[in-house]
Amino acid sequence: MMNTQIVLNFLVFADKIANGSLQNELLADSKALGFQAVEIRREYFKDIKKEIPLIKEEASRLNLTLFYSVPDEVYVAGNINPNLKEYIQEAKAMGVKQIKWNIGDFKGELHTTELKALVDSGVGITIENDQTQTSGTIAAIKKYMTAVKTTDLGIGYVYDLGNWRFVGEDEVKAAAELAEYVHYIHVKDVRYENDQPQATGLDHGVIDWRKVLGILPANLPIAIEYPTNTNEEILEAKSLLEEEVK
């Protein structure tokens, strides 16, 4: 029986993408590994106009739920990024359930009308703690999500477990302070090389990820999100997560 809560973010296929694989070709591999949901990455497209309909068709054939990770920001110099409409159109064309951005340069004004037009598209919108001091700290996420909560926008927050180490903050403290906003979780472990954080597989680093999942809300989608070299590494993470979320 497949666990519908666990998502496969295509960062796991970084090597295959680098060697020429297309994301639509990796959907069947994901299904064969036991996943019912995957996260497409915009930076992995080679010819986005050709690949989007192929992803839509293949995901529909395999009955896969799609998430969409877009490495761009909601705010540029305090204003709404004009590219967001295009990303929403891409998401709708693929049949995506939820899209993810970074906050970017939020100066305190939400630009509610412009955001509501995006929210009303029918694609779920979330933001993530990235690896920058601008929009990857506890303070930055709390500031933005507190502002969002005063509206009916319904924008959610993606808690990225490993990214806290890249901005010098504590993932357990972050989970406790931000749990109320979390709609989706990205998991990776972190090890250190020459005192620098490096993403690695669960139980291969220093993070107590089980403790963090115990703090965060249950029954949310959880994505495996770090580069892997083999299917065995993916299945190891999947098995570990299934033990925690069964």
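Each remark here, short or long, concerns the structure printed above.
This report concerns the structure included in the present document.

Looking at the overall build of the protein
Summing up its helical and strand segments, the protein has ten helices and eleven strands in all. Its C-alpha radius of gyration of 17 Å places the protein within 12% of the 18 Å reference for a compact globule of 246 residues. Structurally, the protein occupies a C-alpha span of about 45 × 40 × 35 Å along its principal axes. Out of the 246 residues in the protein, the part that is buried amounts to 53%. A separation of at least 24 residues holds for 76% of the contacts in the protein among residues at least 6 apart in sequence. As displayed, the protein has an accessible area near 11100 Å², and 47% of this comes from carbon and sulfur atoms.

Quick look at the side chain of asparagine 102
Mapped onto the elements, asparagine 102 comes out in strand 5 (residues 98-104). Among the residues examined, asparagine 102 registers a relative accessible area of 12% and is labelled buried. When neighbours within four sequence positions are excluded, asparagine 102 is seen to be in contact with Asp72, Glu73, Val74, Glu128, Asp130 and Ser135.

A few points about helix 8 (residues 171-178)
Listed as buried for helix 8 are Glu171, Ala174, Ala175 and Leu178. Projected down its long axis, helix 8 carries its buried residues within an arc of 100°, all on one side. The distance from a side-chain oxygen at the start of helix 8 to the backbone nitrogen of valine 172 is 3.0 Å, and the residue carrying that oxygen is aspartate 170.

Observations regarding the pattern of salt bridges
Close approach of charged atoms allows side chains of opposite charge to pair. Within this structure, the stated rule accounts for 19 salt bridges. Across the pair lysine 16 and aspartate 29 runs a salt bridge whose closest N-O atoms are separated by 3.9 Å. Here the residue lysine 16 occupies a position in helix 1 (residues 14-18), and aspartate 29 occupies one in helix 2 (residues 23-32), the gap between them amounting to 13 residues. Look at lysine 16 and you get partly exposed, because its relative accessible area is 32%. Accessibility expressed as a relative area gives 32% for aspartate 29, which makes it partly exposed. Residue aspartate 203 is joined to arginine 210 by a salt bridge in which the shortest nitrogen-to-oxygen separation is 2.9 Å. Residues participating in the shared-partner salt-bridge network are Arg41, Glu43, Asp160, Lys188 and Glu225.

Notes on the side chain of threonine 228
Inspection of the secondary structure puts threonine 228 in the loop between strand 11 (222-224) and helix 10 (231-245). In this structure threonine 228 comes out as buried when scored by relative accessible area, which is 5%. Within the structure, threonine 228 has its side chain in polar contact with the backbone oxygen of valine 12 (distance 2.8 Å). With sequence-adjacent residues up to four places away left out, threonine 228 is seen in contact with Leu11, Val12, Asp15, Glu233 and Ile234.

Focus: the pairing of strand 9 (residues 189-193)
Sheet analysis places strand 9 next to strand 10 (residues 196-200), joined by five bridges and oriented antiparallel. Note that in strand 10 the partner of aspartate 189 across the bridge is threonine 200. A loop of two residues connects strand 9 with strand 10, the two strands running antiparallel in sequence, and asparagine 194 in this loop sits at a positive phi of about 55°.

Describing unusual backbone geometry
We note that asparagine 63 has phi near 60°; this positive angle belongs to a residue other than glycine. Note that asparagine 63 resides in the loop between helix 3 (48-62) and strand 3 (65-76). Taking the relative accessible area as the measure of exposure, asparagine 63 reaches 57% and is therefore exposed. A positive phi angle, close to 70°, is found at aspartate 195, a residue other than glycine.

Some remarks on the environment of isoleucine 40
Assignment of secondary structure puts isoleucine 40 in strand 2 (residues 37-41). Considered as a pair, isoleucine 40 and leucine 8 are 32 residues apart in the sequence and their alpha carbons are 8.9 Å apart. Among all residues touching isoleucine 40, those that are not within four sequence positions of it are Phe10, Gln23, Leu27, Phe45, Ile55, Leu66, Phe67, Tyr68, Ser69 and Met94.

Observations concerning the pairing of strand 2
Taking burial as the measure, the five residues of strand 2 include five buried ones, the bulk of the element. In strand 2, alternate side chains face the same way, and those of Ala37, Glu39 and Arg41 on one face and Val38 and Ile40 on the other are all buried. Relative to strand 2, strand 1 (residues 6-9) is paired through two bridges, and the arrangement is parallel. The partner of asparagine 9 across the bridge, within strand 2, is glutamate 39. In the sheet, strand 2 pairs with strand 3 via five bridges, with the strands oriented parallel. Note that in strand 3 the partner of alanine 37 across the bridge is threonine 65.

About the criteria used
- Residues numbered from 1 in each chain as written.
- Predicted model: local features only at pLDDT ≥ 70, side-chain atom pairs only at ≥ 80, totals over all residues.
- Heavy atoms only, no water.
- Helix = DSSP H or I, 4+ residues; strand = E, 2+ residues; numbered from the N terminus.
- Rg over C-alpha atoms; globule rule 2.2 N^0.38 Å.
- Buried < 20%, exposed > 50% of the residue type's maximum accessible area, 1.4 Å probe, protein only.
- Contact = heavy atoms within 4.5 Å.
- Areas by Shrake-Rupley, 256 points an atom, 1.4 Å probe, with all protein chains shown as cover.
- Arc of directions from axis to C-beta.
- Polar contact = N/O pair within 3.5 Å; in protein donor to acceptor, adjacent residues only side chain to side chain.
- Salt bridge = Lys/Arg side-chain N within 4 Å of Asp/Glu carboxyl O.
- Pairing = 2+ DSSP bridges.

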